[in-house]
Each structure stands twice: as structure tokens, then as C-alpha cells.
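# Structural description and commentary
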Amino acid sequence: MAIRWVVKCGTGVLTRPNGQLDSAQITRLTGQIAALVRRGDQVVLVTSGAVGAGMRTMALDRRPTRVSELQACATVGQPQLMLEYHRRFRRHGLQPAQFLLTYWDLDSRTCYRNAQATIEHLLSLRAYVPVINENDAIAADEIRVGDNDRLSAHVAVMVRASRLVILSNVDGLLDKANGGAVIPEVRRIDDRLRALASGTQSQLSVGGMVTKLLAAEIAAEAGIETWVANGRRPGILLDVARGKGPGTRFRLPRSKEKGSHVR
Ligand code: GLU
């Protein structure tokens, strides 16, 4: 059965340790997305990497902390990121379609519905992959979602996806008490689980496992199955499609409370 996916790629999955975009990795991921589209699935991609790509071009060895520097860095990196996606998807007869969103767009009924309709139309054409990032150039303070894990969950709700896959550099949620083994399935997020999730230390990445749990909770509210998996593992999306890991699959009960701000 064909399904609708939202795939989120973190900066660590798309860039090398020196911050440069990892073309080989982008080739592998876009190849897998194309394979899903070929079999009839629909895929929306939420991508990080703009700041990482901009850092490299601007020769910055640390992620900027001043908002204007960070925003400038994203504006330099975003077109490079899209160029990479364009080159790779083209080999499969697909084209990326760029969306840059802020919290405001998700919170405005008009913007939300317009984005929803545009994505719906693009997916119906079967030749385009909507590629979404936060509009870092203008998103600061209260109009920021803040991290792409939560953005991807809001997007999954918006496009009525059946599956959200968050790809990072780790195999899933790791059980520190059990030699760091991947927890294959989570049915409830409680304090014990939150304690297992720790923030990332990387100069390039943003959220860590904490924001992935928040994303899984947002998605669960809409009945969307969420996976956290390692985007560097060959064929990971195709494995997830077969219900395999390694990865953590969140199958949370649908929450009755309306906690999400999106319309
Ligand atoms: N929007 C940021 C970027 O493209 C990343 C935010 C995140 O990774 O959560 O670099």
C-alpha cells in the first residue's frame, strides 16, 4: 500500500565533520527517496544543513551564536543545499520544490492551508519532492519553531503523513542502562525515557534526542508513526519501509489533548 512519508534529515547526516555538505550521503538519501516514489509512495523532505553549509562557505569553525550571523550563514548555505538536492534528484527524474517556513506560517490558518494545498498539488504530480526547512533568514525568537525535529512533526501533521522518519547520526534511542542498545519500540514517553534522551554536543547539529521525543509526541497526536533512525546506514529508509530497523519506532497512543499549535 502506498503511503505518505515525511523524512527529516539532520545536519549531521548531510554534512561531513568539517561542515562541508556530504554529496555522497545526499546521493544515497535521495536515491532511497526516489525508490520510495517509484513504488508509489509520496515523500516530503524536511532538511537541515543550511547553517552547516553556510559555515563552511563563510569559513566559520564554530556555529555562530549571534542571531544575525546565524541567519546570514543560513542564507548562504540554503541555496547550496537546494543545489545539491536538485543535482541528485534530477538523476531520478525528480525535482525538489523548496518551502521555507516559520512558526508564523504554521500558526496562520491562511499560510497553513496554502502550504498544505501547494504540497498536495506537487505530490499529485509525482515528479516533485517538497523540500522544507525553517526560514532561518527571518525566523528568530517567537516566530521560530527552533529545531527541525519539531518542524518535521508539524509538517507531518500538516500533510497528513502516515509515517515520520527522523534521520540522525545515531541508530535510535539508546538504552544507556543496557549497554547502549537501541530501544526498538516506544509505546509511552515517560520520565525514565526522557532521562535517556540527552542534548547533542555537536557544533553543527541542533536538537539531540530531546527534540526527537517532542516530535514523536506531536506526531502521535495525529496518529502518525514516528521512527528515529541512522541516516548513514545504507538503505535505512527502505528497511523502515519493510518495518525493519535498526531504529526506534514510536507507536504512542493518540493524545486527546490538543497541544500542538498548528491548525
Ligand atoms: N534550519 C537549520 C539549518 O538548516 C537547522 C535546524 C535544525 O537542525 O534543527 O541548518
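Below, the structure is looked at part by part. (Residues numbered from 1 in each chain as written. Predicted model: local features only at pLDDT ≥ 70, side-chain atom pairs only at ≥ 80, totals over all residues. Heavy atoms only, no water.)

## Comments concerning the overall build of the protein
Scanning the protein from terminus to terminus reveals 10 helices and 10 strands. Principal-axis analysis of the C-alpha atoms gives the protein an extent of 40 × 40 × 35 Å. Here the protein, with 263 residues, has 54% of them falling under the buried criterion. Long-range contacts, defined as pairs at least 24 residues apart, comprise 73% of the intrachain contacts of the protein with a sequence gap of at least 6. Carbon and sulfur atoms form 50% of the exposed surface of the protein, whose accessible area is close to 12100 Å². (Helix = DSSP H or I, 4+ residues; strand = E, 2+ residues; numbered from the N terminus. Buried < 20%, exposed > 50% of the residue type's maximum accessible area, 1.4 Å probe, protein only. Contact = heavy atoms within 4.5 Å. Areas by Shrake-Rupley, 256 points an atom, 1.4 Å probe, with all protein chains shown as cover.)

## Here we look at the packing of helix 2 (residues 23-38) against helix 4 (residues 67-90)
Packed helices, taken two at a time, are described by the angle between their axes plus the distance between the axes. Two elements in contact, helix 2 and helix 4, have axes whose closest approach is 9 Å; the angle formed by their N-to-C orientations is 50 degrees. Between helix 2 and helix 4, the crossing angle belongs to the class labelled oblique. As for the relative orientation of helix 2 and helix 4, their crossing is right-handed in sense. Of the residues in helix 4, those in contact with S23, I26, T27, T30 and I33 of helix 2 are E84, Y85, R88 and F89. Here the contact of helix 2 with helix 4 is built from residues that sort into 4 nonpolar, 3 polar and 2 charged. (Axes fitted to C-alpha atoms, helices over the stretch in contact; angles between N-to-C directions. Parallel < 35°, antiparallel > 145°, perpendicular 65-115°, else oblique. Left-handed = near helix turned anticlockwise from the far one by under 90°. Nonpolar A, V, L, I, M, F, W, Y, C, P; charged D, E, K, R; others polar.)

## Notes on the site of the ligand
Surveying the vicinity of the ligand reveals 9 residues, the closest of which are S48, V51, N133, D136 and N148. With respect to the ligand, the backbone of V51 contributes an N or O atom lying 2.9 Å from an oxygen atom. N148 is positioned with one of its backbone polar atoms (N or O) 2.6 Å from an oxygen atom of the ligand. Protein contact buries 97% of the 300 Å² of open area that the ligand shows by itself. Classifying every residue of the shell around the ligand by side-chain character gives 3 nonpolar, 4 polar and 2 charged. (Near = heavy atom within 4 Å. Polar contact = N/O pair within 3.5 Å; in protein donor to acceptor, adjacent residues only side chain to side chain.)

## Section: the pattern of salt bridges
One pass over the structure, following the stated rule, counts 18 salt bridges. Among the ionic pairs, R4 bridges to E120, the shortest N-O distance being 2.7 Å. Of this pair, R4 sits in strand 1 (residues 4-9) while E120 sits in helix 6 (residues 109-125), and the two are 116 residues apart along the sequence. The exposure class of R4 is buried, given its relative accessible area of 12%. Close ionic contact of E225 with R249 constitutes a salt bridge, the shortest N to O distance being 3.7 Å. Of this pair, E225 sits in strand 9 (residues 225-230) while R249 sits in strand 10 (residues 247-250), placing them 24 residues apart in sequence. In terms of burial, E225 and R249 fall into one category: buried. Overlapping salt bridges bring together K8, D149 and K212 as one network. (Salt bridge = Lys/Arg side-chain N within 4 Å of Asp/Glu carboxyl O.)

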